[in-house]
Amino acid sequence: MSDDGGAAAPALGPGPAVLAVDVGGTDTKSALVDADGVVRAVVRRPTPRDGDRTGQRVVEEAAAVAAELAERHPDVAPAALGLVVPGVVDDAAGVGVWSENLGWRDMPFAAAATARLGLPVAVGHDVAAAGWAELRCGAAAGFRDALVVTLGTGIAAAVLLDGRPYRGGGMAGEIGHARVADGPGCVCGGRGCLEAVASAAAIARRYTARTGTHVPGAREVLAAVEAGDAPAAAVWDEALDGLALGLSHAVALVAPQVIVLGGGLSHAGDALLVPLGERLDALLTYHRRPLLAPAQLGGDAGVLGAALRARELLTEDHG
Ligand SMILES: [Zn+2]
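Residues numbered from 1 in each chain as written. Predicted model: local features only at pLDDT ≥ 70, side-chain atom pairs only at ≥ 80, totals over all residues. Heavy atoms only, no water.

K.L.:
Would you explain the overall build of the protein in this entry?
P.N.:
Along the backbone of the protein there are 9 helices and 13 strands. At 20 Å, the protein has a C-alpha radius of gyration in line with the 20 Å of a compact globule built from 319 residues. By its C-alpha atoms, the protein is 60 × 40 × 35 Å across when sized along the principal axes. Taking all 319 residues of the protein together, 52% fall into the buried category. A separation threshold of at least 6 residues defines the contact pool for the protein, and within that pool the share at least 24 residues apart is 61%. Put simply, the protein shows about 13,600 Å² of open surface, and 53% of that area lies on carbon and sulfur atoms. In the protein, 25 positive and 37 negative side-chain charges are present, and the distance between their average locations comes to 2 Å. (Helix = DSSP H or I, 4+ residues; strand = E, 2+ residues; numbered from the N terminus. Rg over C-alpha atoms; globule rule 2.2 N^0.38 Å. Buried < 20%, exposed > 50% of the residue type's maximum accessible area, 1.4 Å probe, protein only. Contact = heavy atoms within 4.5 Å. Areas by Shrake-Rupley, 256 points an atom, 1.4 Å probe, with all protein chains shown as cover. Lys, Arg positive; Asp, Glu negative; His and termini not counted. Charge placed at Lys NZ, Arg CZ, Asp CG, Glu CD.)

Right, dumping it as structure tokens:
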């Protein structure tokens with residue numbers, strides 16, 4: 001999905017033209033989707049950071065991008081805005097309840113963005129929106145029960161049951177903060193959380209702690225595994241063990257037909273999928289064995305999910 005190209009993004013099909021905004025911890029990606037469902041333009045900008053005004057600045061930036069796209073594409077008039085943000089989100093109220101990273105508390109995104117842009121606004125959670133997009137037009141298309149797991153700096157899952165997102169009041173899918181090991185301590189205050197063992201950030205951090213060698217990310221640890229480095233292999237094995245254990249519990253609970261793996265760590269491909277599948281096989285007995293699949297929409301999943309949510313707001317098909 002390149003600026004003004006849209007070639008790589010799947011068309012969402014006919015429906016209202018909408019504006020979609022995916023606010024990330026570093027960058028914010030905005031997309032203009034036309035009435036054919038084609039992504040006509042994508043704009044990527046650094047996410048504004050302004051202390052406790054960050055939420056308001058996000059809304060102002062969305063309005064600025066909307067004005068810019070209206071000028072560049074006068075033939076596409078968006079009828080709604082889909083805005084997805086990280087942290088804890090109350091979709092129904094349109095409120096960003098809390099973001100540790102971006103610093104807002106109880107930010108009324110829907111009300112503020114509606115006032116600023118004069119459009120109806122659907123607010124959603126970034127991981128949930130990405131999962132919804134993978135179910136509607138990505139790796140989980142054709143399935144009704146799915147987990148879409150983001151393995152990045154953190155770990156979280158979108159839970160999709162019977163073809164619909166299950167949000168649990170905005171708290172469903174927090175598998176990154178369920179205990180899978182005896183340690184180490186986690187940013188949430190817990191111990192041995194999946195995220196503290198198996199996130200991309202944790203893998204890099206744990207390798208550095210074990211060897212004294214600084215690595216910028218999990219990618220370098222994986223390269224060391226392939227080169228036969230024993231400490232790297234130990235860290236990677238522990239990450240896979242934790243991930244398999246956490247997912248096995250999720251499988252026992254909701255019996256997904258497919259588990260889609262996205263986020264930075266999923267770029268490891270078969271180096272992740274094959275040993276993870278073997279571990280899951282060893283842990284599961286009579287349970288429904290899920291297919292493990294790499295995410296298809298990559299970094300576009302969030303913004304496509306935002307576009308889907310905006311359309312659903314207009315068609316009353318609430319996700
Ligand atoms: Zn935790």
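The rest of the description comes next.
K.L.:
Looking at this structure, I do not really get helix α9 (residues 301-315). What am I missing?
P.N.:
In an α-helix, one turn spans 3.6 residues, which is why side chains three or four residues apart end up on the same side. Over its 15 residues, α9 runs 21 Å from end to end, which matches the ideal 21 Å to within 8%, given 1.5 Å per residue. Taking burial as the measure, the 15 residues of α9 include 12 buried ones, the bulk of the element. Where α9 is buried, its residues touch β1 (18-23), β2 (27-33), β3 (39-46), β4 (81-85), β8 (121-125) and α3 (126-137). Among the residues trailing α9, E316 stands out with phi positive, at a value near 65°. (Expected span 1.5 Å × (residues − 1).)

K.L.:
Looking at this model, I keep getting lost on the coordination of the zinc ion. Mind explaining?
P.N.:
Six octahedral donors at a metal ideally form angles of 90 or 180 degrees, and four tetrahedral donors ideally form angles of 109.5 degrees. At 2.1 to 2.4 Å from the zinc ion lie its protein donor atoms, namely H177 (ND1), C186 (SG), C188 (SG) and C193 (SG). Coordination at the zinc ion is tetrahedral: its 4 donor atoms span angles of 101 to 125° at the metal. Sequence positions of the residues that donate to the zinc ion give the spacing H-x8-C-x1-C-x4-C. Here C188 lies in the loop between β11 (164-166) and α4 (194-198) and H177 lies in the loop between β11 and α4, a separation of 11 residues in the sequence. On the basis of relative accessible area, C188 is assigned to the partly exposed category, the value being 46%. (Donors = N, O, S within 2.8 Å, 3.2 Å for Na, K, Ca; no water. Tetrahedral: all angles 85-135°; square planar, octahedral: opposite > 155°, others 65-115°.)

K.L.:
Any chance you could explain the pairing of β2 here in plain terms?
P.N.:
Within a regular beta strand, the side chains point alternately toward one face of the sheet and then the other, so they alternate between its two faces. Counting buried positions over the 7 residues of β2 gives 6, a clear majority of the element. Relative to β2, β1 is paired through 6 bridges, and the arrangement is antiparallel. Within β2, the residue paired with V18 across the bridge is V33. Between the end of β1 and the start of β2, which pair antiparallel, lie 3 residues. In this structure, β2 lies alongside β3, joined through 7 bridges in antiparallel fashion. (Pairing = 2+ DSSP bridges.)

K.L.:
Could you clarify how one ought to interpret helix α7 (residues 230-254) in this entry?
P.N.:
Its 25 residues place the ends of α7 36 Å apart at the C-alpha level, agreeing with the 36 Å of an ideal helix rising 1.5 Å per residue. The backbone nitrogen of A232 has a side-chain oxygen 2.8 Å away, supplied by the residue at the start of α7, namely D229. Backbone geometry just downstream of α7 places A255 in the positive-phi region, at approximately 50°. (Polar contact = N/O pair within 3.5 Å; in protein donor to acceptor, adjacent residues only side chain to side chain.)

K.L.:
Any chance you could explain the pairing of β4 here in plain terms?
P.N.:
With 5 of 5 residues buried, β4 lies mostly within the body of the structure. Burial along β4 is two-sided: L81, L83 and V85 and G82 and V84, pointing in opposite directions, are all buried. Across 5 bridges, β4 lies against β8 in parallel orientation. In the sheet register, G82 faces β8, and the bridge partner there is A122.

K.L.:
Explain the environment of D91 here, please?
P.N.:
Mapping D91 onto the fold places it in the loop between β5 (88-90) and β6 (95-98). Put simply, D91 and A178 are 87 residues apart on the chain and 23 Å apart in space, counted from C-alpha to C-alpha. Leave out the neighbours within four places in its chain, and D91 touches V123, G124, H125, R167 and R309. In this structure the side chain of D91 is engaged in a polar contact, spanning 2.8 Å, whose partner is the side chain of R167.

K.L.:
Explanation requested: the sheet that holds β6 in the structure shown.
P.N.:
The strands making up a sheet associate through hydrogen bonds between their backbones, and the pairing can be parallel or antiparallel. Pairing is antiparallel in the open sheet, where 3 strands are placed in the order β5-β6-β7. Each end of this open sheet is capped by a strand with a single partner; those strands are β5 and β7 (105-107). Across the sheet, the axes of successive neighbouring strands diverge by a mean angle of 20°, strand direction being ignored. As paired strands, β5 and β6 are joined by 3 bridges and run antiparallel to one another. Bridge assignment links V88 to a residue of β6, and that residue is W98. (Axes fitted to C-alpha atoms, helices over the stretch in contact; angles between N-to-C directions.)

Remember, this is a structural readout, not a statement about activity or role.
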